Amino acid sequence: MNTLAAFYQNLGLALSLLVIATFLLAGMIKGVIGLGLPTIAMGLLGLAMAPSQAAALLIIPATLTNVWQLAFGGHLHGLVKRLWPMLLAIFIGTGAGTLWIGMAGGHWVVRGLGAALLLYALSGLFLPTLRVGNQTERWLGPLCGVLTGVITSATGVFVIPAVPYLQALGLSKDELVQALGLSFTVSTLALAAGLLWRGALGGGELSASLLALIPAVLGMLLGQWLRQRISAVLFKRVFFIGLGVLGGHLLISG
């Protein structure tokens, strides 16, 4: 408790309120469309703190909400059997990226985060949903996993290219939501291992991350309630536009 209080005391009132509002918003978006919590958290918190500090805060909220997401749907066994090469490659890519690049901060990491967010937003707005055949899946899955891992280790964002790849597999809606939760869980655990190895994930960060779970879960419950009452297509379009603006800002300002 002392480390928790000290962490948020060092952040100050304004940044502490930003953390709460960010995870509430990010959880709501995840509740509506099944993804976006780490992306939104890294994007907004990256405006005010080092990427490694922002990544440490999202570890527990991202892990538990992703486990929650992957646990329901009834397709977990089949998805693990199909996606394990990509999942293993994500873990290896994140580990290699941690050793090679790391998340040491600096303008280039912030710009890298902005570029990843902008690329993801543009792909969601303008690119048609592609289809991956069985033969292509054998080599493209591990390749996308390695690339996702390397990008995760540098920016804390693990949607590129994993999410477009999973969307191209022709999964059902429930399968896709579960597959996203599975991929994000592996990415989050790999990121946590990398941060721990670099000494950026101590008791204070974990305590602060645990507290951030509260607004994240509240936001996710709110998002699930909203999903039944608004057009998911419209919400996703607004989400990608906002994400693109945020990514462009980070890319330009660094």
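Counting of residues starts from 1 at the beginning of each chain's written sequence and follows it residue by residue. In keeping with the predicted nature of the model, local features appear solely for residues at pLDDT of at least 70, side-chain atom pairs appear and are counted solely at 80 or more, and the whole-chain, interface and lining totals rest on all residues. The side-chain values count all of the structure's non-hydrogen atoms but skip hydrogen atoms and water molecules.

Quick reminder of the rule: UniProt positions are given in the numbering used here, feature names are shortened, and annotations may be inferred rather than shown by experiment.
Looking at an unreviewed UniProt entry, one finds the protein named Probable membrane transporter protein and attributed to Pseudomonas hormoni. Quoted straight from UniProt, the Sequence similarities (unreviewed entry) entry for the protein says "Belongs to the 4-toluene sulfonate uptake permease (TSUP) (TC 2.A.102) family." Taken directly from UniProt, the Subcellular location (unreviewed entry) text for the protein runs: "Cell membrane".

Regarding helix H9 (residues 173–197)
Where we set the bar: Segments assigned H or I by DSSP are reported as helices when at least four residues long, segments assigned E as strands when at least two residues long, and all are numbered from the N terminus. An expected span of 1.5 Å times one less than the residue number is assigned to each helix.
Between its first and last C-alpha, H9 extends 36 Å over 25 residues, near the 36 Å set by a 1.5 Å rise per residue. Among the residues trailing H9, Gly 199 stands out with phi positive, at a value near 80°.

Things to note about the nonpolar core
The line we're drawing: Think of a nonpolar core as a cluster: buried Ala, Val, Leu, Ile, Met, Phe, Trp, Tyr and Cys residues, connected wherever their side-chain atoms sit within 4.5 Å. Exposed residues in this analysis have more than 50% of their type's maximum accessible area, buried residues have under 20%, and partly exposed residues fall in between, with area computed by a 1.4 Å probe over protein chains only. Any two residues whose heavy atoms approach within 4.5 Å at even a single point are treated as in contact.
Phe 23, Leu 35, Tyr 120, Tyr 165, Leu 166 and Phe 239 are the most contacted members of the largest nonpolar core, which has 64 residues in total. Apart from the residues lying within four places of it in its own chain, the contact partners of Phe 23 are Leu 37, Ala 41, Leu 45, Leu 57, Leu 58, Pro 61, Ala 212, Pro 215 and Ala 216.

Here's the deal with the UniProt feature "transmembrane region" (unreviewed entry) in the protein
Summarizing the sequence annotation, UniProt attributes the feature "transmembrane region" (unreviewed entry) to residues 6–29, 41–63, 83–101, 108–127, 139–164, 176–200, 206–226 and 233–252 in the numbering used throughout. In this annotation, residues 139–164 is assigned 77% helix and 0% strand; the end-to-end C-alpha distance for the span is 15 Å. For the annotated span residues 233–252, helix accounts for 100% and strand for 0% of the residues, and the straight-line distance between the end C-alpha atoms is 29 Å.

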